[in-house]
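# Close look at the chain arrangement
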Amino acid sequence: MSEPMLAAAARRRPHTSDAVLIDSNENPLGPCQAARDAMAAILPRGGRYEDELTDELVATFAQMEGLNPEYVYATVGSTPPLALSVLAFTSPEKSYVTADPGYETGMRTAENAGARVVKVPLTKTYAHDVKAMLAAGQDAGLFYICNPNNPTGTLTPRADIEYLVANKPKDSIVVVDEAYIHLSEAANAFDLVKAGKDVMVLRTFSKVYGMAGIRCGFLIARPDLADKVLQHGLRNFMPVTAVVAATASLKQPNLVPERRRINASIRQHTFDWLTRNGYSFIPSESNCFMVDTKRPGQEVRDAMAKDNVLVGRVWPIMPTYVRITVGTEEEMTKFQTAFQKVMRA
Ligand SMILES: Cc1ncc(COP(=O)(O)O)c(C=O)c1O
């Protein structure tokens, strides 16, 4: 179960091609031009496995981040390494500890594996409550930290992540999911991996790089930890299109700062509008945020869908909130119109 499947499961009705899709945390800009060109150019070689292209991607990323390439594994998006990490490190005896509200893929995988799922409410500042996670997860196999968090888009201070890593039970690991990190100013957790801690980091090209439909990501981990994950899958060739698009994207020096700026600017305009109109929301550092509809959130989703604006799902712990993905300026204008209409009804 990954974001599009979760979004599709929560979608109430089929949508038309002109619908505003701000329900799955996608990037409306899509892949950058260099990535598109690289994909078009590789097509004639699509009859070959071309695994050296994956080596080049890994080497490019490792060099940029000062990582040992042996700690970097290219994956088909970050859903497979997330799910397989859960299979590798949780069991009926080893629980899965996560934030609430939090991203559901790991929870669903852990449930299927018969592991206890421990959901720990976020703090008042919407950070992961690492002390409560530790207290509730003495039998933990895996602590999942999503930074920024999905669905709130809020950050967990670096010191809290370090505290969790320093105080966790000996045989457990910490997975830091950095799917949205480029959209924030937060520091990544690569140094913890480099320092040999029991930490694995997940990255995806689905968000800032706009490649959700192309499928590329990374597992960044100590080889002994990664080997445990690889026993459950991932040993396969990467699609050449995804690999060359990812490499080309990494080589665009302005892509991440420029897209971070665009997202932050549209997000701020939306927040300004919500504030001016008296709506409550949780300020976010990501491409999604939670807005409080002060009524069952699902009703608002259903009503907005009638106006062809599909907004994100509702988390049981925050039943009056819906998650909104930051779309284009034009999409967010349509969101405002539909939201105002539904809220005034
Ligand atoms: C927090 C988080 N992790 C992982 C993923 C998986 O994305 P993908 O498999 O497209 O890399 C998503 C998708 O939305 C996500 O929100």
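Structure: above.
Described in the following lines is the structure provided in the data block. Numbering of residues begins from 1 in every chain and follows the order in which that chain's sequence is written. Totals for whole chains, interfaces and linings use every residue, but because this is a predicted model, local features are given only for residues with pLDDT of at least 70 and side-chain atom pairs only at 80 or more, for both listing and counting. Side-chain figures throughout are based on the complete set of non-hydrogen atoms in the structure, without hydrogens or water.

With that settled, the discussion passes to the overall build of the protein. Of the regular secondary structure elements, the protein holds 13 helices and 12 strands. Computed over C-alpha atoms, the radius of gyration of the protein comes to 20 Å, within 12% of the 20 Å expected from 2.2 N^0.38 for 345 residues, which places it in the range of a compact globule. Over its C-alpha atoms, taken along the principal directions, the protein stretches across nearly 55 × 55 × 30 Å. Counting all 345 residues of the protein, 55% fall into the buried class. In this description, accessible areas are obtained by the Shrake-Rupley approach with a 1.4 Å probe, and a residue is regarded as covered only by the protein chains that are shown. Carbon and sulfur atoms make up 52% of the accessible area of the protein, which totals about 14500 Å². Residues counted as positive are Lys and Arg, residues counted as negative are Asp and Glu, and His and the chain ends are not counted. Taken as the charge centre is NZ of Lys, CZ of Arg, CG of Asp or CD of Glu, depending on the residue. Taking the 38 positively charged and 38 negatively charged side chains of the protein as two groups, their mean positions are separated by 4 Å. Helix and strand assignments come from DSSP, with helices taken as H or I runs of at least 4 residues and strands as E runs of at least 2, each series counted from the N terminus. Just to be clear, the radius of gyration here is over C-alpha atoms, and the globule rule we use is 2.2 Å times residues to the power 0.38. Three exposure classes are used, based on accessible area relative to the maximum for each residue type with a 1.4 Å probe and protein chains only: buried under 20%, partly exposed in between, and exposed over 50%.

This part covers the site of the ligand. Being near a molecule or strand, for a residue, comes down to having at least one heavy atom within 4 Å of it. Within the structure, the ligand sits among 15 residues, and T79, D177, Y180, T204 and S206 are positioned closest to it. Counted as a polar contact is a pair of N or O atoms within 3.5 Å, where, for protein atoms, one must be capable of donating a hydrogen and the other of accepting one, and residues adjacent in sequence contribute only when both atoms are in side chains. T79 places a side-chain nitrogen or oxygen 2.6 Å from an oxygen atom of the ligand. Residues were grouped as follows: Ala, Val, Leu, Ile, Met, Phe, Trp, Tyr, Cys and Pro as nonpolar; Asp, Glu, Lys and Arg as charged; and all remaining residues, including Gly, as polar. For the shell around the ligand, a count of residues per class yields 5 nonpolar, 6 polar and 4 charged.

Take the environment of E330 next. Examined against the element boundaries, E330 turns out to sit in helix α13 (residues 329-344). For E330, a relative accessible area of 56% gives the class exposed. Considered as a pair, E330 and S249 are 81 residues apart in the sequence and their alpha carbons are 25 Å apart.

In this model α13 runs 22 Å from its N-terminal to its C-terminal C-alpha over 16 residues, within 8% of the 22 Å that 1.5 Å per residue would give. Every buried residue of α13 is accounted for by E331, M332, F335, Q336, A338, F339, Q340, V342 and M343. When checking whether two residues touch, look at their non-hydrogen atoms; a contact exists if any pair is within 4.5 Å. The inward-facing, buried residues of α13 contact β1 (20-22), α11 (255-276), β10 (288-292), α12 (297-306), β11 (309-311) and β12 (321-325). Here the expected length of a helix is defined as 1.5 Å per residue gap, with one fewer gap than residues.

Looking now at the packing of aromatic side chains. The description of two aromatic rings rests on the distance between their centres and on the angle between their planes. In this analysis, rings of Phe, Tyr and Trp, with Trp reduced to its six-membered ring, are considered paired at centre separations within 6.5 Å, and the interplanar angle assigns stacked below 30 degrees, edge-to-face beyond 60, and tilted for intermediate values. All told, the structure shown has 12 aromatic pairs when counted by the stated rule. When the centroid spacing of 5.6 Å and the interplanar angle of 65 degrees are considered together, the rings of F205 and F218 count as edge-to-face. Here the residue F205 occupies a position in the loop between β7 (199-204) and β8 (217-220), and F218 occupies one in strand β8, the gap between them amounting to 13 residues. We classify F218 as buried; its relative accessible area is 1%. Ring geometry for F271 versus F289: centroids 5.0 Å apart, planes at 85 degrees, classification edge-to-face. You can see F271 sitting in helix α11 and its partner F289 sitting in strand β10, a full 18 residues away along the chain. The residues F271 and F289 share a single accessibility class, namely buried. Of the aromatic side chains, those joined through ring pairs into one cluster are F61, F190, F205, Y209 and F218.

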